[in-house]
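# Tertiary structure, described
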Amino acid sequence: MAKETKNALRRSILEKMLLTRAFEDRIAHLAAQKDRLPGMQILATGQEAAVAAVLALGPEDVIVTNHRSHAHLLARGATPQSLLAEIMGKETGVNHGKSGTLHMAVPHLNVLMTSTVVGAGPLLAMGAAFAQQYKEEDAVTMVFFGDGAAAEGSVHEAMNMAGVWHLPLLFVCENNCWAGAQSLKDHCSVSNIVTRAAGYGMPGKLVNGNDPDEILDTSLEMIARCRQGQGPALMELATYRMRGHGEYDHQEYVDPEEIAFWAQRDPIKLFRTRLEQDGVVDAAQAEVMYRDAEASIDAALEFADASPYPAPQAAFDHLWARAEEETGRI
Ligand SMILES: Cc1ncc(C[n+]2csc(CCOP(=O)(O)OP(=O)(O)O)c2C)c(N)n1
């Protein structure tokens, strides 16, 4: 990839990381106020570098994500308005206020599903990748899941069949060291998920999950491989969950030194400094990006607040998608 194209991509990555942080900081703020947001809120704070994987995809590709989805959805092009309105249960939300935060789908952006059913994503993604292969499309599927999900039988089944059928499926495990209140060593027999790739006949790569450059390079390489019909691959992002499992969870069970260690590795601070050092953005441009992100969240909140709740009689609308109408696919 030409240097200028790559640097333009790196600028977009920083922009989306800043947008995600501004979006999630606002959610945390709203969640702390009584009766402002329904349900639980699960944030990807500290994991924003994952946007690099999404930005390595083309518009024809499909993504499937999990309950920690904001970075993925914003990177894919979902607007803060439509996501915030959804989270607030409003009619103008991405799923007309019916999915709430944990099950958002954005068919026109090929975001097939967000699921909080742990381990459900990879099997669904396997189906999407099978369809892409069957229809001889030049497209791939990328599925995000956590280290906790990697312990589910469904994820192993998906990896096995993807390996057997050489599906164009990129598994992206965001290993953020925790699954709910369980640490990795309490639920996983090996120290890294990536070692399991060999068992399913696919390449695996462990990357620094707080480094967007590493994620971008590995994603581009693995996506190209999938697109060329060489079968699935697994990328593990070694990262950290900076907030609890939901905004009610204040992480009393986590050693404060562990959180402090990872705070030093904040992916946004590190990437912003690197792009400034590389001359890809200057300090003033980065500041404008930050302010633009904040302003777009202000506007999104105004929009969501002013939006109506869905009418009770709409409860049975939009429950089933017509694939050909929603996505142009049959
Ligand atoms: C099948 C299933 N089992 C348990 C849960 C409860 N649950 C929700 S998220 C979660 C932890 C998931 O951990 P991980 O996959 O590592 O993702 P992370 O939250 O760390 O990003 C659990 C146990 C669930 N939603 N679905």
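Along each chain, numbering runs from 1 in the same order as the chain's sequence is written. Where totals are concerned, whole chains, interfaces and linings use all residues; where local detail is concerned, this predicted model gives features only for residues with pLDDT of at least 70, and gives and counts side-chain atom pairs only at 80 or more. Hydrogens and water are ignored here; the side-chain numbers use all heavy atoms of the structure.

### Some remarks on empty space enclosed by the protein
Using the following cut-off: In the cavity and pocket records, a cavity denotes points on a 1 Å grid over the protein atoms alone where a 1.4 Å probe fits but cannot get out, a pocket denotes an open set with protein on both sides within 12 Å along at least 5 of 7 lines, and lining residues are residues with an atom within 4 Å of a point. Grid points are joined across faces, edges and corners, and a volume is the space filled by probe spheres set on the points. Every helix listed is a DSSP run of H or I at least four residues long, and every strand listed is a run of E at least two residues long, numbered separately from the N terminus. We call Asp, Glu, Lys and Arg charged. Ala, Val, Leu, Ile, Met, Phe, Trp, Tyr, Cys and Pro are nonpolar, and the rest, Gly among them, are polar.
Under the counting rule described, the total for this entry stands at one cavity of 30 Å³ or more. Approximately 70 Å³ is the volume attributed to the largest cavity. Taken together, 14 residues form the lining of the largest cavity, with N66, S115, V117, G119 and G121 sitting closest to its centre. Elements with a minimum of two residues in the lining of the largest cavity: β1 (62-66), α5 (120-134) and β3 (141-146). Split by residue class, the lining of the largest cavity holds seven nonpolar, seven polar and no charged.

### Let's talk about the layout of surface pockets
A volume near 240 Å³ is recorded for the second largest pocket. The wall of the second largest pocket is formed by 20 residues, among which H67, G146, W178, A179 and H245 lie closest to the centre. Contributions of two or more residues to the lining of the second largest pocket are made by β3 and β5 (178-179). Here the lining of the second largest pocket is composed, by residue class, of seven nonpolar, nine polar and four charged.

### A look at the sheet that holds strand β7 (residues 204-208)
Put simply, the test is: For two strands to be treated as a pair, DSSP must find no fewer than two bridges joining them. Angular values range over 0 to 180 degrees, each being the angle between N-to-C directions of two axes fitted as lines to C-alpha atoms, with helices fitted over their stretch in contact. In what follows, residue pairs with any heavy atoms lying within 4.5 Å of each other are defined as contacts.
If you trace the six strands from one edge of the open sheet to the other, you get β2-β1-β3-β4-β8-β7, paired in parallel fashion. Edge positions in the open sheet fall to β2 (111-115) and β7, since each of these has one partner strand only. Put simply, the sheet's adjacent strands are angled 15 degrees from each other on average, direction ignored. Of the strand pairs in this sheet, β1 and β2 are connected by four bridges, and their pairing is parallel. Paired with N66 across the two strands is S115, which belongs to β2. Against the sheet, α5 touches β1, β2, β3 and β4 (169-175), its axis set at about 170 degrees to β3.

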